[in-house]
Amino acid sequence: MNWTRQHPGWAMFAAMIGLLLFLWGMALPLAAAPAPIGPAAEQFADGARITVGLTLIAGSAGVLIGVLAGLGKLSNFWPLRWFCDSYVWLIRGTPLLLQILFVWLALPTIMPAGVELSDFTCAAIALSLNIGAYNTECVRAGILAVPHGQVEAARALGLTPVQTFIDVILPQSMRVALPALANNLASLVKDSSLAYAISVVELTMVGYRVQAESYQPIPVFVTIAAIYLILTTAFTTLTAALEAQLDVGQKR
Amino acid sequence: MSSEAIPRPIIETRGIGKRFGSFHALKDVSATFHEGQVTAIVGPSGSGKSTFLRTLNRLEAHDSGEIVIDGIVLSDDIRNLNAIRREVGMVFQSFNLFSHLTILRNLTLAPMRVRRMARAAAEEKAMNLLERVGLKTQAGKYPVQLSGGQQQRVAIARALAMDPKVLLFDEPTSALDPEMVNEVLAVMRELAYSGITMLVVTHEMGFAREVADRVIFFDEGVILEDTTPESFFSNPGHERARAFLSQVRHGY
């Protein structure tokens, strides 16, 4: 991790390229493996792409939700504060699996006619709302950690409240929030496996199917675990590098 | 008053009152400050001098009375407030440089965002100001890499980058190690002779005596003395001022 700290730009680049190469190229070496892995190589690769897709979409949406709801919780306007409090309370107090099933089964019944939600979309929505609630608390902690003098300096220079937030508060709050956000992202990579319950063919679902056909759970699940490990390693390298980059000018 | 001509009033306060809960910080404070005037505001801690300074750009809202800055009545109207904050620069006791930005970006942020200056022009101006405070070589560093005295000189340059008509200093040397006080006072002295309007809350009696045109002595939320440095330091009219002076001199 020391190398990551010293060369954050390169680490981010390497993690991203590594992830892409892995996603598009993993079928080649896997295909050379003996049965039951070799014949199912393309399925593994497809499953990993779905898992990474869910993670990237829900991860990005979750950060956006976290920033908005984190701000909302600190708002002076009580209905907004109440709404954001209720959102976090509701999501943190119920199981993720229930949330996924709810979006999949209940949402279509209240959607206007003609709007079709795919299984993947339902999983992405549920995962975004879920990680967003946890991110909310991280972002709120980050915002509260920004010294008040920074806000006073920005306001005294004539920056508007919105400019103050975007140029000063948000970048500084991310230094505190990012380690916790990275933690949530690492959880998300694995939580996305619950999408199997609504028949999204992600990595864990692929593993389940392949072992059911081959009756060889050990090599299949070991392979699945290895792919998850490589994915989480890529994501944590990415966030560690981002952290190092935001850390500039920080007191210790 | 240093000149014979009648200068324009730039800050007028009439009957300012401010309470923090049961603490009466400012009681009916009225004073007029003219263009080009350098005023030292002195007094014991808790006397309301910093609060008074902070009401002038509404970092604290006053409860009663009226403040007029350059013809604009200070109120919660956001457009008036932004207009006033563009004209009134502030230097804080704890510098409050934006810790996530380089020295150069600290100076260019507000001119680019608030004055809509082009980056190249803002950077050229910033470099000139850094040269003026003797820190041109530090432009690429982060605030945490600078000494306290250097940070405060950057903070002064940052305020000057907005071309303010008035500069407010809130105990600018109180947080500095003793050996760094003089470098900051030197910059302030140079500024005072350049003709900018300055209000300086300070414990540096030597600076007040040498540089200020006018000394205001605060005690328990009221202005007890408002006179020239000569008469304040050699012949204070009020018993409280005499006691204050004998105490601060005790340290020399």
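Residues numbered from 1 in each chain as written. Chains lettered and ligands numbered in written order. Predicted model: local features only at pLDDT ≥ 70, side-chain atom pairs only at ≥ 80, totals over all residues. Heavy atoms only, no water.

Turning next to the overall build of chain B. Counting secondary structure elements, chain B contains nine helices and ten strands. Relative to the globule expectation of 18 Å for 252 residues, the C-alpha radius of gyration of chain B, 18 Å, shows essentially globular dimensions. If one aligns the C-alpha atoms of chain B with their principal axes, the spans along those axes are about 55 × 45 × 45 Å. Taking all 252 residues of chain B together, 56% fall into the buried category. (Helix = DSSP H or I, 4+ residues; strand = E, 2+ residues; numbered from the N terminus. Rg over C-alpha atoms; globule rule 2.2 N^0.38 Å. Buried < 20%, exposed > 50% of the residue type's maximum accessible area, 1.4 Å probe, protein only.)

Next up on the list: the sheet that holds strand β6 (residues 88–91) of chain B. Residue and element names in this part refer to chain B. Pairing is mixed across the open sheet formed by six strands, whose spatial order is β6-β7-β8-β3-β9-β10. In this open sheet, the two strands that pair with only one neighbour each are β6 and β10 (222–227). Between one strand and the next, the sheet's axes are offset by a mean angle of 20°, whatever the strand orientation. Judged from the five bridges that link them, strand β7 (residues 166–170) and strand β8 (residues 197–201) form a sheet pairing that is parallel. Note that in β8 the partner of Leu168 across the bridge is Leu199. (Pairing = 2+ DSSP bridges. Axes fitted to C-alpha atoms, helices over the stretch in contact; angles between N-to-C directions.)

To continue, consider the environment of Ala133 of chain A. Among the secondary structure elements, Ala133 of chain A is positioned in helix α8 (residues 119–145). C-alpha of Ala133 of chain A to C-alpha of Trp82 of chain A: the two residues are 51 residues apart in sequence and 14 Å apart in space.

To continue, consider empty space enclosed by the protein. Throughout the structure, instances matching the rule amount to one cavity of 30 Å³ or more. Roughly 30 Å³ of volume is contained in the largest cavity. Considering the residues around the largest cavity, the lining is formed by Ala153 and Leu157 of chain A together with Met90, Phe92, Ala155, Arg158 and Ala159 of chain B. Considering each element in turn, the lining of the largest cavity owes the most residues, three residues, to helix α5 (residues 148–160) of chain B. In terms of residue class, the lining of the largest cavity is made up of six nonpolar, no polar and one charged. (1 Å grid on protein atoms, 1.4 Å probe; cavity = no way out; pocket = protein on both sides within 12 Å on 5 of 7 lines; lining within 4 Å. Points joined across faces, edges and corners; volume = space filled by probe spheres on them. Nonpolar A, V, L, I, M, F, W, Y, C, P; charged D, E, K, R; others polar.)

Each α-helix winds once per 3.6 residues, and so residues spaced three or four apart point in a common direction. Residue and element names in this part refer to chain A. Across its twelve residues, helix α11 (residues 203–214) extends 17 Å between first and last C-alpha, which sits within 8% of the 16 Å expected from 1.5 Å per residue. Along α11, the positions that sit buried rather than exposed are Leu203, Met205, Val206, Gly207, Val210 and Gln211. Where α11 is buried, its residues touch α4 (41–73) and α12 (217–246). The N-cap residue of α11 is Glu202: its side-chain oxygen and the backbone nitrogen of Thr204 are 3.1 Å apart. Looking one or two places after α11, you find Tyr215, whose phi comes out positive at around 55°. (Expected span 1.5 Å × (residues − 1). Contact = heavy atoms within 4.5 Å. Polar contact = N/O pair within 3.5 Å; in protein donor to acceptor, adjacent residues only side chain to side chain.)

Here we come to the pattern of salt bridges. Applying the stated criterion across every chain, the model contains 24 salt bridges over all chains. The residue Arg14 of chain B makes a salt bridge to Glu66 of chain B at a minimum N-O spacing of 2.4 Å. Of this pair, Arg14 of chain B sits in strand β1 (residues 9–20) while Glu66 of chain B sits in strand β4 (residues 64–69), placing them 52 residues apart in sequence. A relative accessible area of 38% places Arg14 of chain B in the partly exposed class. Put simply, Arg132 of chain B and Glu190 of chain B hold a salt bridge, and the shortest N to O gap is 3.4 Å. With Arg132 of chain B in helix α4 (residues 119–132) and Glu190 of chain B in helix α6 (residues 178–193), this residue pair connects regions lying 58 residues apart in the sequence. Assessed through its relative accessible area of 36%, Glu190 of chain B is described here as partly exposed. Because the salt bridges share partners, they merge into one network encompassing Lys73, Asp85, Glu137 and Arg140 of chain A. (Salt bridge = Lys/Arg side-chain N within 4 Å of Asp/Glu carboxyl O.)

All names here are of chain B. Taking burial as the measure, the six residues of strand β9 (residues 214–219) include six buried ones, the bulk of the element. Across four bridges, strand β3 (residues 38–42) lies against β9 in parallel orientation. Bridge pairing links Val42 to Phe217 in β9.

Residues and elements named next belong to chain B. Overall, antiparallel pairing links the four strands, which are arranged β2-β1-β4-β5 in an open sheet. If you trace the sheet from one side to the other, it starts and ends with β2 (23–34) and β5 (72–73), each paired once. The pairing of β4 with β5 spans two bridges and is antiparallel. By the bridge assignment, Val68 is partnered in β5 with Val73.

Right, let's get into the packing of aromatic side chains. Summed over the entire model, instances satisfying the criterion amount to six aromatic pairs over all chains. Each ring, one from Trp10 of chain A and one from Phe13 of chain A, has its centre 6.0 Å from the other, and the planes form 80°; the classification is edge-to-face. Placement of the pair is Trp10 of chain A and Phe13 of chain A together in helix α2 (residues 8–25), with a separation of three residues, close to one helical turn. In this structure Trp10 of chain A comes out as exposed when scored by relative accessible area, which is 58%. A relative accessible area of 48% places Phe13 of chain A in the partly exposed class. With a centroid separation of 5.9 Å and 35° between ring planes, the pair formed by Phe217 of chain B and Phe232 of chain B is classed as tilted. Here Phe232 of chain B lies in helix α8 (residues 229–234) and Phe217 of chain B lies in strand β9, a separation of 15 residues in the sequence. A relative accessible area of 0% means that Phe217 of chain B is categorised as buried. Relative accessible area serves as the criterion here: at 0%, Phe232 of chain B is assigned to the buried category. A network of ring pairs unites the aromatic residues Phe217, Phe232, Phe233 and Phe244 of chain B as a single cluster. (Phe/Tyr/Trp six-rings, centres within 6.5 Å; stacked < 30°, edge-to-face > 60°.)

Residue and element names in this part refer to chain A. Between helix α10 (residues 161–191) and α12, whose axes approach to 10 Å, the crossing angle comes to 180°. Judged on the interaxial angle alone, α12 and α10 are roughly antiparallel. Here Pro171, Met174, Arg175, Leu178, Pro179, Ala182, Leu185, Ala186, Val189 and Lys190 of α10 lie close against α12, whose contacting residues are Tyr228, Leu231, Thr232, Phe235, Thr236, Thr239, Leu242, Glu243 and Leu246. A breakdown of the residues in the contact of α10 with α12 according to their chemical character gives 13 nonpolar, three polar and three charged. (Parallel < 35°, antiparallel > 145°, perpendicular 65-115°, else oblique.)

Before going further, it helps to examine the interface of chain A and chain B. Frequently, the measure chosen for interface size is the accessible area removed from exposure when the parts meet. Residue-level contacts link 21 residues of chain A with 25 residues of chain B. Taking both sides of the interface into account, the surface hidden between chain A and chain B amounts to around 2,000 Å²; carbon and sulfur atoms contribute 58%. One can count two salt bridges joining chain A with chain B. Between Arg54 of chain B and Glu152 of chain A there is a salt bridge, and its shortest N-O distance comes to 2.5 Å. At the boundary of chain A with chain B, the tally comes to eight residue pairs in polar contact (both at pLDDT 80 or more). Listing elements by their share of the side of chain A that touches chain B, those giving two or more residues are α9 (148–156) and α10 of chain A. In terms of residue count, α9 of chain A provides more of the side of chain A that touches chain B than any other element does, seven residues in total. Of the residues belonging to the side of chain A that touches chain B, the class tally is eight nonpolar, eight polar and five charged. (Buried area = accessible area lost by both parts, 1.4 Å probe.)

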